[in-house]
Amino acid sequence: MNEDTCYTLPLGPQHPALIEPEYLKIHLDGETIVNVDINLGYMHRGIEKALQQRTYQQDQFLIEKICGICSSIHTLTYCNAIEKLLEVDIPERAKYIRMIVAELERLHSHMLWVGIAGYEIGFDTVFHMSWRDRELVMELLENISGKRVGYSMNTIGGVRRDISKDMAENIRTIMDKIDIRLNHYINVFVKDSTITKRTKNTGILTQKDAIKYSAVGPVARASGISCDLRKKAPYLLYDNVDFKEITHNTNDVESRAVVRLKELLESTKIIRQCLHLMQKGELTIKIPDTVPEGETISHGEAPRGEIFYYARSDGTDKPYRIKIRTPTLSNIHSLQAMLKGQQLADLPIIVASIDPCFSCTDRITLLNTRTGMSKSVDATYLKTLKR
Amino acid sequence: MKMLSDIIKNLVTKPSTEKYPYTKKKTPKGFRGKHEYDREKCIYCGLCAKACPVHTIGVIRDKKFWQLDLSKCIFCARCQDVCPTKCLQLGNEFEIASDKKEDFIIK
């Protein structure tokens, strides 16, 4: 390494890849990235503490606000956890509706990502086109739930709104349209030279590194690790429907794009099956205000990977503790492996390729009240805590 | 050049965007917009105030007082779900921006 050409470039908290703030300290040798320090903590909102001060019923609306894109999977996992504590089983129709909304959410989240990926490599046509197609899903979600963002569909004990016959027919026609577009985008991402020149062999995350940095979701699946929780630990009625787990093993940005797009074809398949299997029935069951003492965990497959909830009740109507771990917290560390040896110009697309969501992620920040200094938790600090 | 077909198609199709303030999209059935409150039907039971997750509804039964602050509201529609007389409905109005605080209060 030549000392004259080596320098450190601070990137962020306001940075070019995404609108959400995070701070990357990049050590460069010329234009090549040597190392990267990841600094989180700019979106810390104290949600876990706020959850303890509200009742279980009120919490579900606060939890929805953790992330704007994957709001449904957050409430779904939370409701699953509380239903486990209450030891109740929700009606079958409610389970199918939850699955449909969760898969629609995956559709719009990944299509948003496809647009972002196009935008980051300077191919705005992909961005505009995929967001136009995403609009079909957004309108569908608005028709089902009454809002484009923050659907408020899941509630403890079931779902709040039904899917009528006309609506089901509408969903089916839109899924057909989406399938055609998705096949087109897969073609674009695999064959279009404008895209492949930027995405092939960039941001390599080998299978070994993916395990080492504990990557989850599409990032891990793009490195050949099978880790789809809908298959590995089926929740709701995912074991009743037939779908494939998509893995790809080229380990680069293109691989992540292909995994996401092919996954969506499976999502439309799941939605059609759910609409077919859905029987008439109740939507909710009555549940008490207070939750019996106990603790539980619950997890689900969010669009970005595994989402994890820990809930502990002390027998009152407010939770004693709710701990949330979102997929970006697991995925962000793999950036270190992906970015090493890459060109600086490729940084935005590589950072975007893990589909980071920082408002979900920021949960651990230590604040020294005497000095006012805050610091993020790192491995060395955690080791000092070990006894 | 796989996107070329899209680009050419776009030249001959009409824009997908709408000229928003001039043309307004019809809101779907069950849309969660500004509340429509029917004072005649209300029995001031206070269930909506109890259900509200952000405590934006205030009810005093004896004085027949009911008030909602839209600036705090998150439009979750729980108040609509619990209302026994259905005097409170979430309507289709979504353009509620204003520079006066009074405009956000529904009485």
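Every residue gets a number counted from 1 within its own chain, in the order that chain's sequence is written. Here the convention is simple: chains get letters from A, ligands get numbers from 1, in the order in which they are written. Only residues with pLDDT of at least 70 are given local features in this predicted model, and only at 80 or more are side-chain atom pairs given and counted; all residues enter the totals for whole chains, interfaces and linings.

Novice: With reference to specific residues and values, describe the packing of helix H6 (residues 165-191) of chain A against helix H11 (residues 253-277) of chain A.
Specialist: All names here are of chain A. Closest axis-to-axis distance for the H6/H11 pair is 10 Å, and the angle between their directions is 160 degrees. Our classification of the angle between H6 and H11 gives roughly antiparallel. Seen from above, H6 lies across H11 with left-handed handedness. For the pair formed by H6 and H11, the contact residues are Ala168, Ile171, Arg172, Met175, Ile178, Asp179, Leu182, Tyr185, Ile186, Phe189 and Val190 on the first element and Glu254, Ala257, Val258, Leu261, Lys262, Leu264, Leu265, Thr268, Ile271, Arg272 and Leu275 on the second. Residues were grouped as follows: Ala, Val, Leu, Ile, Met, Phe, Trp, Tyr, Cys and Pro as nonpolar; Asp, Glu, Lys and Arg as charged; and all remaining residues, including Gly, as polar. For the contact of H6 with H11, the per-class residue count stands at 16 nonpolar, one polar and five charged. Every axis corresponds to a line fitted to the C-alpha atoms, with the helix fit spanning only the stretch in contact, and the corresponding angles, defined between N-to-C directions, vary from 0 to 180 degrees. To qualify as a helix, a DSSP run of H or I must reach at least 4 residues; to qualify as a strand, a run of E must reach at least 2; elements of each kind are numbered from the N terminus. An angle below 35 degrees is read as roughly parallel, one above 145 as roughly antiparallel, one from 65 to 115 as roughly perpendicular, and any other as oblique. Each crossing gets its hand from how the near helix is turned against the far one by less than a right angle, where anticlockwise is left-handed and clockwise is right-handed. C-beta atoms are placed from the backbone for every residue, and two residues are taken to be in contact when these atoms lie within 7 Å.

Novice: Could you give an account of the sheet that holds strand S5 (residues 105-106) of chain B, naming the residues involved and the relevant values?
Specialist: All names here are of chain B. With antiparallel pairing, three strands are arranged side by side in an open sheet as S2-S3-S5. For this open sheet the edge positions go to strand S2 (57-60) and S5, each flanked by a neighbour on one side alone. Pairing geometry for strand S3 (residues 65-69) and S5, over two bridges, is antiparallel. Residue pairing across strands places Leu68 opposite Ile106, the latter belonging to S5. In this description, strands pair whenever DSSP reports at least two bridges between them.

Novice: Give me the lowdown on the confidence of the model for chain B, citing residues and values where you can.
Specialist: Residues and elements named next belong to chain B. In predicted models, pLDDT denotes the confidence assigned by the predictor to each residue on a 0 to 100 scale. Chain-level pLDDT for chain B is 88 on average; 100% of the residues reach the 70-or-more range. Looking at the elements of chain B, mean pLDDT is at its lowest for S5, recorded as 86, and at its highest for S2, recorded as 92. Model confidence for the complex: the whole-complex pTM is 0.88, and ipTM, which rates the interface, is 0.89.

Novice: Can you lay out the sheet that holds strand S6 (residues 294-302) of chain A for me, pointing to particular residues and giving the numbers?
Specialist: All names here are of chain A. Judged by pairing direction, the sheet is antiparallel, and its three strands sit side by side in the order S6-S7-S8 without closing on themselves. Sheet topology places S6 and strand S8 (319-325) at the edges, where each strand pairs with a single neighbour. Here the average twist between neighbouring strands, direction ignored, is 15 degrees. Across the sheet, helix H3 (residues 71-86) lies against S6 and strand S7 (305-313), angled at about 150 degrees from S6, the strand it touches most.

Novice: Describe the pairing of S3 of chain B, with residues and values.
Specialist: Residue and element names in this part refer to chain B. In S3, alternate side chains face the same way, and those of Trp66 and Leu68 are buried while those of Phe65, Gln67 and Asp69 on the opposite face are not. Relative to S3, S2 runs antiparallel, the two being bridged by four bridges. The residue of S3 that forms the bridge with Gly58 is Gln67. In this structure, the hairpin formed by S2 and S3 is closed by a connection of four residues, where Lys64 is found at a positive phi of approximately 55 degrees. Whether a residue is buried, exposed or partly exposed follows from its count of other C-beta atoms within 10 Å of its own C-beta, namely 20 or more, 12 or fewer, or something in between, respectively; the C-beta atoms are built from the backbone.

Novice: Can you tell me about the packing of H3 of chain A against helix H4 (residues 92-120) of chain A, naming the residues and giving the values?
Specialist: In a packed pair of helices, the relevant descriptors are the angle between the two axes and the axis-to-axis distance. Residues and elements named next belong to chain A. Taken N-terminus to C-terminus, the directions of H3 and H4 make an angle of 145 degrees; their axes are 8 Å apart at the nearest point. The handedness of the crossing between H3 and H4 comes out as left-handed. Here H3 contributes Ser72, Ile73 and Leu76 to the contact with H4, which in turn contributes Arg98, Val101, Ala102 and Glu105.

Novice: Quick one: what's the story with helix H2 (residues 56-64) of chain A, residue by residue and with numbers?
Specialist: All names here are of chain A. Of all nine residues in H2, seven are buried; the element is thus mostly enclosed. When we look at burial in H2, the residues that qualify are Tyr56, Gln58, Asp59, Gln60, Phe61, Ile63 and Glu64. Elements that come into contact with the buried residues of H2 comprise helix H1 (47-52), H3, strand S4 (154-155) and S8.

Novice: Can you explain the environment of Glu254 of chain A? Please cite residues and give values.
Specialist: Residue and element names in this part refer to chain A. Looking at the secondary structure, you find Glu254 in helix H11. C-alpha separation for the pair Glu254 and Lys197, spaced 57 residues apart in sequence, amounts to 9.8 Å. Those residues in contact with Glu254 that sit more than four places away from it in its chain are Phe189, Thr196, Thr199 and Lys200.

Novice: Can you explain the nonpolar core? Please cite residues and give values.
Specialist: Note on definitions: a nonpolar core is a set of buried residues drawn from Ala, Val, Leu, Ile, Met, Phe, Trp, Tyr and Cys, linked by C-beta atoms within 7 Å. Formed by 93 residues in total, the largest nonpolar core has its most connected members in Ile82, Ile100, Val101, Leu104, Ala117 and Leu261 of chain A. For this core, the element with the most residues is H4 of chain A, which contributes 14 residues. When neighbours within four sequence positions are excluded, Val101 of chain A is seen to be in contact with Ser72, Ile144, Tyr151 and Met153 of chain A. Counting ten residues, the second-largest nonpolar core is a separate cluster that includes Cys48, Leu68, Ala77 and Leu88 of chain B.

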